[in-house]
Structure formats: C-alpha cells, structure tokens
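Topology and contacts: notes
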Amino acid sequence: MAKRKTATRTISNAGRLRVLEVVAATKSIGIAPTESSVEADGVVDMEYDKTVASFQVQPVTLDLVVDGKATRYTPDAKYVRDTGVIGFREFKDSAKPLEPEYARKLEAAERHLTSQGYEFGVMGSAELRRGYRMPNLRLLRRYARWPITERLRQQVFDFLRTPGQHTLSDLRELVGLAMLGSLYRMLWEQAVAVDLVAAPLCAATPVRSIEA
C-alpha cells in the first residue's frame, strides 16, 4: 500500500477503486498526490491553465454546518490565479451522481468560501475529458520542461504568419526531428493554437498562430 502526505492528511491507495497517483507539476506547492484518476486529470488541467499561477492539493480543512450539524470538508485543490485571485476546486466523476448529503456539503462550502471573496467550483470528469483533450494534454505535458530557444520560437511564429493553412506536420518539418520536443512544449505553453478536443494530435492536426 502506497501513502503520501498532503497539507491536511495522509492519503493512500487502500480501498476499492482508489488510485494513488503523484502528478509531477511545476506549479504545485509541494507534491501533488491524488486519490483518483479524475483528481489526477484535474491537476493536469490546472498545470495547463495559463490563468493559474500555483496550486496545492488538499490544502485546508473547513469547519462547516450542514443541516444544522457540524461537519468538515477538504477541497481537492486551492489555486492562485495570475491576477492574485484565490479559488478552491473539487473534482468529481460525472458518471456518478453526488449523494444529496455531499451535494449539500459542497453548497455549504461554496457559500462559506465565496462569502470570503474566494472562488469555488466543482469540475466534472466530462468537462476535463471532453473529446481527446486529456490524452492530448498528457502527451504534451511530457515536454513541458523541454529546452527551447527564442530563435526556434521566432521561427515557428514567422512560419505561422505566412498565408495558408498549416498542420503539425508542417511544423515538424520546419523545426526538424531534434527539436520536436521543443515544438511540443510550445503547444503545451499554448504559444501555438491547436484543437486538443477534436482528435488525437497527429501530422494532420491544424495549427495556427495565437494571433489568429
């Protein structure tokens, strides 16, 4: 049985269908252990989100009152946007309806947090995994730390400004085999616009300038 500590508790893979995954994330404050595949995808989503500057998994436990009874709730994640706005997020499997009692707890958490000026939201797996988005994100994330030069960036930007429709195959040919990792990092950083939902990334995937 594997175990990892968060700011609030120790989590493990003990239990039916529980999966412990530690997602390597550059924006994470401390390590980012998750207890389900949905939470792991949520961490990948925050890592990809350009508006999120940093985040922490299971950061704090709130004392709430639900139906007149004291209870506690730990959000899956706390994030800080690049604007300084702080928010909390819960990740859930869209195929499993929330139990009424837990739904009321989330409503109480939302009232508590938003009354203090924080954001709060529940993100379902259907939103995280629409189309081919998550497999494509997990592919690109492998290259998030790949070295890249400003010369290469400018080469790609100049090419995308030329008339006509361009594909990922065109960019692969432009940068060469040795720089494919750097090119994929540009897609991860959203320096090049690409549809991650419609289909798996391939040679025929359309690409365009973010200025378009």
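Structure first, text after, so check above.
Notes on the structure in this doc start here. Computed from a predicted structure; not experimentally measured. (Residues numbered from 1 in each chain as written. Predicted model: local features only at pLDDT ≥ 70, side-chain atom pairs only at ≥ 80, totals over all residues. Heavy atoms only, no water.)

Brief notes about the nonpolar core
Stated precisely, the cut-off is as follows: Nine residue types can take part in a nonpolar core, namely buried Ala, Val, Leu, Ile, Met, Phe, Trp, Tyr and Cys, and a core is a set of them joined through side-chain atoms within 4.5 Å. A simple rule labels every residue: compare its accessible area, found with a 1.4 Å probe on the protein chains alone, to the largest value its type can have, and call it buried under 20%, exposed over 50%, or partly exposed in between. In this text, helices come from DSSP runs of H or I with a minimum length of four residues, and strands from runs of E with a minimum of two, each type numbered from the N-terminal end. Note on contacts: a residue pair is in contact if any heavy atoms of the two residues lie within 4.5 Å.
Grouped together as the largest cluster of nonpolar side chains are 38 residues, with contacts concentrated most on Val43, Val156, Leu183, Leu187 and Val192. Residue assignment for this core shows that the elements contributing at least two residues are α1 (37-48), β5 (52-57), β8 (77-81), α4 (133-141), α5 (150-160), α6 (168-175), α7 (180-188) and β12 (192-194). Considering every element that reaches this core, the biggest residue donor is α1, with six residues. Filtering out sequence-adjacent residues up to four positions away, Leu183 remains in contact with Leu152, Val156, Leu168, Leu171, Arg172 and Val175. Judged by nonpolar contacts, the second largest core, of 10 residues, contains Leu64, Phe88, Leu106 and Phe120.

Remarks on the pairing of strand β9 (residues 86-92)
Two faces make up the sheet, and in a regular strand the side chains alternate between them. Which entries qualify depends on this criterion: For two strands to be treated as a pair, DSSP must find no fewer than two bridges joining them. Whether a crossover is right-handed comes down to one check: with the strands pointing away from the viewer, does the path from the first strand over the helix to the second run clockwise; if it does, it is right-handed.
Most of β9 sits inside the fold, with five of its seven residues counted as buried. Across four bridges, β8 lies against β9 in antiparallel orientation. Along β9, the bridge assignment pairs Val80 with Ile86. Here β8 folds back onto β9, and the loop between the two strands holds four residues, one of which, Gly84, carries a positive phi near 100°. Where β9 lies against strand β10 (residues 119-124), six bridges are found, and the strand directions are parallel. In the sheet register, Lys92 faces β10, and the bridge partner there is Gly124. Handedness of the crossover joining β9 and β10 through helix α2 (residues 100-114): right-handed.

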